[in-house]
Amino acid sequence: MKSSAKTASKNKITGADVIALNIIAYAFCALIALVCLIPFVMVVSGSLSSERAITENGFSILPQEFSTEAYKTVFKDPWVVVRAYATTICLTIVGTFTGLIIQTMTAYVLTRKTFGWRRYFSFFFYFTMLFSGGLVPTYVLYTNTLKLTNNYLALLLPLVFGVYNLLVMKSYIQGIPDSLIDAAKMDGCGEFRILFQIVMPLVKPALATIGLFTALAYWNDWNSAMLYIRDEKMYPLQYFLYQQVNNIEGYKKLIASNLVSGDVISAVSLPTQTLKLALTCVVTGPIVLAFPIAQRYFVQGITIGAVKG
Amino acid sequence: MKTKKKGFFYHLYKYRVFLLMLLPGVAYTLLFHYYPMTGIVLAFKKYTYAGGIWGSKWNGVDNFKFFFKSGQALRVIRNTVLYNMLFIVVGTVFQIAVAVFLTEIKSRRFRKIAQSCMFLPHFISWVIVGVMAFNIFSSDFGIINRLITSLGGKKIPFYTKPSAWPGILLFFNIWKGIGYGSVMYLAAIMGVDTEVYESAAIDGANVFQRIFFVTIPAIMPTVIILFLLSIGGIFRGNFDMFSNLVGSNGLLYGYTDVIDTLAFRALMTSNDFGMSSAIGFMQSVMCFITVVSANKLVSLYDRDYTLF
């Protein structure tokens, strides 16, 4: 045993193959990490460049002719951005909170062995992963049957409940010993109280994971708005960005027309390419800042979700 | 012990609290998943707003005839399947490579920073990826064309050159999924018994042999299961990606139109409910078949990873 440990450690230090592998591993990972990072850097650099430099030379990795003109332009009319932010923040909070409660309740019941119908109900939920009505019936349901066009519910409802989250939550709850729940029941605890006072505190990591999954889905959602929202005052952040980037001339006119009187400028004089990028940065910022906290819980969620409960 | 079988209403009463807890989830699923399933009949109807799902008139298979006659059917099905196969195969190879190499890196700090960078693209929306793609590939401003011209070459007009798009789409698909996708493989590699490595070393295996003959075979179950599960979704095009990278650029449709983008355009741009629901019906049926078969295959392989 001793000698084998010795050879292994010796191998680790001196082997040419180990050195080669190390070089390859570091180079490969560094390369991929850089490639992942560069588009972000380019967006930030572009947004901090002067419009003239971009139209003449094109985009680059580092800023050219440092300028904050594009950001100043975005904040000439901050309210459209603030409104989109407010919409998205409210949707994310309400949706994530509601979703967590409903999904945890459902997952809890589906794990209770004293609930004899849990198999039927599990199938009821899982089946939706296999078959779906598709785009048109869902669109008809929202716009015609429920008449939810230009209603915030049309942005809230599509993401509030997901079977994948249910699976993650179930496997966490199954990790709680039955005896704990039985003991609580012996002491006269009702099911709701068991769920909220015993189970929920024990599955905090799961709540964090699923909460982050859901929050991210709301934050990045633009599909629902594209389908159901016509009123541009109601646009959530990503769809707002989508609209402005694809119709940047319109956005420039909007900024020029919304200016306080006396401060007359023409839309033509505003930047175009850098404005797009500044707006993108303003929209992306919070996600990138919140990212270090979120990453850890994501890693947990992915690993657990793959092994079904 | 009581052996008499209790009736339905007895259980309904006994489970009343459980059922109350299930109520929101069940109501949601019924309304937003099961009710739209019945709407699949729209594929055989001529939809009118006043008639809705049930009041609209039947028109047999006219919607399908129109879809196939338009010549777009085979194109979008082919594109969807080929793109997904490309994404699954190349994506898996890259994700495994990242996982293997990351575990070989001794420096904890380097590993963490690299992994964070790779995870970052997962957190942004495809709308933002669309902006980034323009920064890189735009004919006039893109960094690639800038490089080409500075080296004396001729600009490549990516946004009017359909054949460039399988590559571009593949790049962004891998780019966005690499950090997220490699997590599963990292976990699988961590699960490999270190004694196996030690005995491989004693037997004189070099590190490359160890990777190919110990690590890779050890994570093969995970690879196969994830592969089969993604095969289940092979008829599902990534609408977010295609619509944000390609947009309404009709020039590129030959290479970039997938089932989901066509169904969306038919519905929202040309208001053709009939054709859109015919496409949706076909997609739902094909997805059902592939998902069920994939699940069946997974269950033959390892019962623990299936849905049923």
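Rules and cut-offs
Residues numbered from 1 in each chain as written. Chains lettered and ligands numbered in written order. Predicted model: local features only at pLDDT ≥ 70, side-chain atom pairs only at ≥ 80, totals over all residues. Helix = DSSP H or I, 4+ residues; strand = E, 2+ residues; numbered from the N terminus. Rg over C-alpha atoms; globule rule 2.2 N^0.38 Å. Buried ≥ 20, exposed ≤ 12 C-beta atoms within 10 Å, placed from the backbone. Contact = placed C-beta atoms within 7 Å. Domains from an automatic or database assignment. Nonpolar A, V, L, I, M, F, W, Y, C, P; charged D, E, K, R; others polar. pLDDT = per-residue confidence, 0-100. Core = buried A, V, L, I, M, F, W, Y, C linked by C-beta atoms within 7 Å. Expected span 1.5 Å × (residues − 1). Axes fitted to C-alpha atoms, helices over the stretch in contact; angles between N-to-C directions. Parallel < 35°, antiparallel > 145°, perpendicular 65-115°, else oblique.

Trainee: Quick question: what am I supposed to make of the overall build of chain B here?
Mentor: Scanning chain B for helices and strands turns up 15 helices and 2 strands. In terms of overall size, chain B is more extended than a compact globule, its C-alpha atoms giving a radius of gyration of 25 Å where 308 residues would be expected to give roughly 19 Å. In terms of its C-alpha atoms, chain B occupies a principal-axis envelope of roughly 80 × 70 × 30 Å. Split into buried and exposed, the 308 residues of chain B put 41% on the buried side. Contacts in chain B between residues far apart in sequence, at least 24 positions, make up 67% of those at least 6 positions apart.

Trainee: In this structure, what is going on with the domain arrangement of chain A? I would like to understand it.
Mentor: Frequently, the measure chosen for interface size is the accessible area removed from exposure when the parts meet. Residues and elements named next belong to chain A. By the assigned domains, chain A splits into domain 1 (2-71) and domain 2 (73-306). Each of domain 1 and domain 2 has a C-alpha centre, and these two points are 32 Å apart. With 11 residues of domain 1 at the interface, the matching set in domain 2 holds 12 residues. Looking at the side of domain 1 that touches domain 2, the elements with two or more residues in it are helix 2 (16-47), helix 3 (51-57) and helix 4 (69-74).

Trainee: Looking at this model, I keep getting lost on the environment of B:I174. Mind explaining?
Mentor: All names here are of chain B. Tracing the backbone through its elements, the reader meets I174 in helix 9 (residues 165-190). Between the C-alpha atoms of I174 and I88, which are 86 residues apart in sequence, the distance is 9.3 Å. Beyond its immediate sequence surroundings of up to four residues, I174 is in contact with V90, G91 and F94.

Trainee: What is the right way to look at the interface of chain B and chain A in this model?
Mentor: Contact residues are listed per partner, giving 80 residues for chain B and 84 residues for chain A. When residues in the side of chain B that touches chain A are grouped by element, the largest group, 13 residues, is from helix 2 (residues 16-38) of chain B. By residue class, the composition of the side of chain B that touches chain A is 56 nonpolar, 18 polar and 6 charged.

Trainee: Got a minute to help me understand the confidence of the model for chain B in this structure?
Mentor: Low pLDDT marks regions whose predicted coordinates should not be analysed in detail. Confidence in the prediction for chain B averages 86 pLDDT; 97% of positions are at 70 or higher. The ipTM assigned to the predicted complex is 0.87, against a pTM of 0.87.

Trainee: Looking at this structure, I do not really get the nonpolar core. What am I missing?
Mentor: Buried together is how nonpolar side chains tend to be arranged in soluble globular proteins. Counting residues in each nonpolar core, the largest one holds 155 residues, and the members touching the most others are A:C29, B:M118, B:A133, B:L245 and B:I279. It is helix 9 of chain B that contributes the most residues to this core, 13 residues altogether. Each of domain 1 (2-71) and domain 2 (73-306) of chain A gives at least three residues to this core. Sequence-distant contacts of B:A133, defined by excluding residues within four places in its chain, comprise B:I168, B:F172 and B:L245.

Trainee: What's the story with the environment of B:V285 in this structure? I'm lost.
Mentor: Residues and elements named next belong to chain B. As for its placement among the helices and strands, V285 is situated in helix 15 (residues 273-301). Looking at V285, the number of C-beta atoms within 10 Å reads 15, which means it is partly exposed. It is 9.7 Å that separates the C-alpha atoms of V285 and F235, two residues lying 50 residues apart in sequence.

Trainee: Help me understand unusual backbone geometry, please; the structure alone is not making it clear to me.
Mentor: Residues and elements named next belong to chain A. For K147, which is not glycine, the phi dihedral falls at a positive 50°. With respect to the element layout, K147 can be found in the loop between helix 7 (135-145) and helix 8 (153-156). Its 10 C-beta neighbours within 10 Å are what place K147 among the exposed residues. We note that N150 has phi near 55°; this positive angle belongs to a residue other than glycine. One can find N150 in the loop between helix 7 and helix 8.

Trainee: Please explain helix 12 (residues 204-219) of chain A as it appears in this structure.
Mentor: Over its 16 residues, helix 12 of chain A runs 22 Å from end to end, which matches the ideal 22 Å to within 8%, given 1.5 Å per residue. Of all the residues in helix 12 of chain A, the buried ones are A:A206, A:T209, A:I210, A:L212, A:F213, A:T214, A:A215, A:L216, A:Y218 and A:W219.

Trainee: Mind showing me how you'd approach the environment of B:F171 here?
Mentor: Residues and elements named next belong to chain B. With respect to the element layout, F171 can be found in helix 9. Accessibility expressed as a C-beta count within 10 Å gives 15 for F171, which makes it partly exposed. Here the alpha-carbon distance between F171 and S116, two residues 55 residues apart in the chain, equals 19 Å.

Trainee: Can you walk me through the packing of helix 2 of chain A against helix 7 (residues 126-137) of chain B in this structure?
Mentor: If you want to describe how two helices pack, look at the angle between their axes and the distance between the axes. Across the interface, helix 2 of chain A lies against helix 7 of chain B with an axial gap of 10 Å and an inter-helix angle of 80°. By the angle class used here, helix 2 of chain A and helix 7 of chain B are roughly perpendicular. Of the residues in helix 7 of chain B, those in contact with A:P39, A:M42, A:V43 and A:G46 of helix 2 of chain A are B:V131, B:M132, B:N135 and B:I136. Partitioning the contact of helix 2 of chain A with helix 7 of chain B into residue classes produces 6 nonpolar, 2 polar and no charged.

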